[in-house]
Amino acid sequence: MYYDPLIDVHHHLPVRAALTTAFYVAPQQSDEARRLFEAACRSARLDGDLDLPLIAGRGVPSSLVLAREWGMTDLAERLAAAIEASYEPTWDHDRGEFTWGMGLNEAYPRGQFNAFLATAEAGGPGRWTALSAAPLERCPQVVDVDFPRVALRQAEWVGSTLRLNLAPLHPQPRQRTTFRVVGAAPGSWQIAGPEGATVSSTERGLIVDTLLVEGEIELAPSAVA
């Protein structure tokens, strides 16, 4: 007998369950995962107007990951708007945390559901698949950030230049904060950023010292004379 994974008559598994199953399959078997996902979208009626409010769960968040993974722009936009309207996106400014309450009225945000939504926020075409396609390239890392006292809105290498965007929980222009960059090329580095910001190259990596204020910082190797 031919077995169709979309209709498991033995276990009576609803096709819409593949919304999340397809997420796990996608990095290994992209074509089969997309087939599962498209069938699940039809079963869950995600291919039309969405019923609001959305029910809390993994299915919709994982669907947003895959819609962005495969460039399904219309679906991604409709899911994102429905999530915005249903899942209580919330900034906790005292803790410096952004979470989704999911309409569950719980003391703490549901971790697994929030993990899928955070993945969707970081997602984009081919990003989920790329994680399993090959080992990630080693690159310098920013460490020892004094979170939640300060966070980074941006930490991006552009060529040999590291671009950072500091976001203190409570800016304090008379206080300072430090962090390290490990794995950067040895030698002399220069810094552009808030007044008085410094960078020093040590055996423990680059040590950045700056005022506790919002602002952009750029680190780049010093030009060789």
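That block above? That's the structure.
Below, the structure is looked at part by part.

The rules behind each value
Residues numbered from 1 in each chain as written. Predicted model: local features only at pLDDT ≥ 70, side-chain atom pairs only at ≥ 80, totals over all residues. Heavy atoms only, no water. Helix = DSSP H or I, 4+ residues; strand = E, 2+ residues; numbered from the N terminus. Expected span 1.5 Å × (residues − 1). Contact = heavy atoms within 4.5 Å. Pairing = 2+ DSSP bridges. Axes fitted to C-alpha atoms, helices over the stretch in contact; angles between N-to-C directions. Salt bridge = Lys/Arg side-chain N within 4 Å of Asp/Glu carboxyl O. Buried < 20%, exposed > 50% of the residue type's maximum accessible area, 1.4 Å probe, protein only. Phe/Tyr/Trp six-rings, centres within 6.5 Å; stacked < 30°, edge-to-face > 60°. Parallel < 35°, antiparallel > 145°, perpendicular 65-115°, else oblique. Left-handed = near helix turned anticlockwise from the far one by under 90°.

### With respect to helix 2 (residues 30-43)
- Between its first and last C-alpha, helix 2 extends 20 Å over 14 residues, near the 20 Å set by a 1.5 Å rise per residue.
- Elements that come into contact with the buried residues of helix 2 comprise helix 1 (18-25), helix 3 (59-69) and helix 4 (73-86).
- Count one or two residues on from helix 2 and you reach Arg45, which has phi positive near 60 degrees.

### Brief notes about unusual backbone geometry
- Residue Pro53 is reached from Leu52 by a cis peptide bond, and omega for that bond is 0 degrees.
- When you line up the elements, Pro53 lands in the loop between helix 2 and helix 3.
- Here Glu88, not a glycine, exhibits a phi torsion of approximately 55 degrees, which is positive.
- Structurally, Glu88 is set in the loop between helix 4 and strand 1 (89-92).
- With a phi angle near 60 degrees, Asp144 is a residue other than glycine that sits in the positive phi range.

### Thoughts on the sheet that holds strand 6 (residues 172-182)
- On the basis of which strands lie adjacent, the open sheet formed by four strands has the order 3-6-9-8 and antiparallel pairing. Edge positions in the sheet fall to strand 3 (141-143) and strand 8 (198-202), since each has one partner strand and no second. Across this sheet, the average inter-strand angle for adjacent strands is 30 degrees, counted without regard to direction.
- In this sheet, strand 9 (residues 205-212) lies alongside strand 6 in antiparallel orientation, the contact comprising seven bridges. Within strand 9, the position partnered with Thr177 by the bridge is Thr210.

### Some points on the pattern of salt bridges
- Under the counting rule described, the total for this entry stands at nine salt bridges.
- Here Glu38 ties to Arg34 by a salt bridge, and the two come within 3.1 Å at their closest N and O atoms. Remark: Arg34 and Glu38 occur in helix 2; sequence separation between them is four residues, near one turn of the helix.
- Residue classification places Glu38 among the partly exposed residues on the basis of a relative accessible area of 32%.
- Judged by its relative accessible area of 29%, Arg34 falls in the partly exposed class.
- Two residues, Arg78 and Asp74, come together in a salt bridge whose shortest N-O distance is 3.1 Å. Taken as a pair, Arg78 and Asp74 lie in helix 4 at a separation of four residues, close to a single helical turn.

### Looking at the sheet that holds strand 5 (residues 161-168)
- The strand order across the open sheet built from four strands is 4-5-10-7, with neighbouring strands paired in antiparallel fashion. Taken across any chain shown, the strands that pair with only one partner, and hence form the sheet edges, are strand 4 (150-158) and strand 7 (189-192). Going across the sheet, the axis of each strand differs from the next one's by a mean of 20 degrees, ignoring polarity.

### Side note on the side chain of Thr210
- Within the secondary structure layout, Thr210 lies in strand 9.
- Setting aside its immediate chain neighbours within four residues, Thr210 contacts Leu166, Gln175, Arg176, Thr177, Pro194, Ala197 and Ile217.

### Overview of the packing of aromatic side chains
- All told, the structure shown has seven aromatic pairs when counted by the stated rule.
- Here the aromatic residues Phe23, Tyr24, Phe116 and Trp128 are joined through ring pairs into a cluster of three or more.

### Focus on the packing of helix 3 against helix 5 (residues 111-122)
- Their axes nearest at 8 Å, the elements helix 3 and helix 5 cross at an angle of 20 degrees. Considering their axes alone, helix 3 and helix 5 lie roughly parallel with respect to each other. For the pair helix 3 and helix 5, the crossing hand works out as left-handed. Residues Pro61, Ser62, Leu64, Val65 and Arg68 of helix 3 form the contact with helix 5, whose own contacting residues are Phe113, Phe116, Leu117, Thr119, Ala120 and Glu121.

Everything listed here is a matter of coordinates, which is why it stays silent on function.
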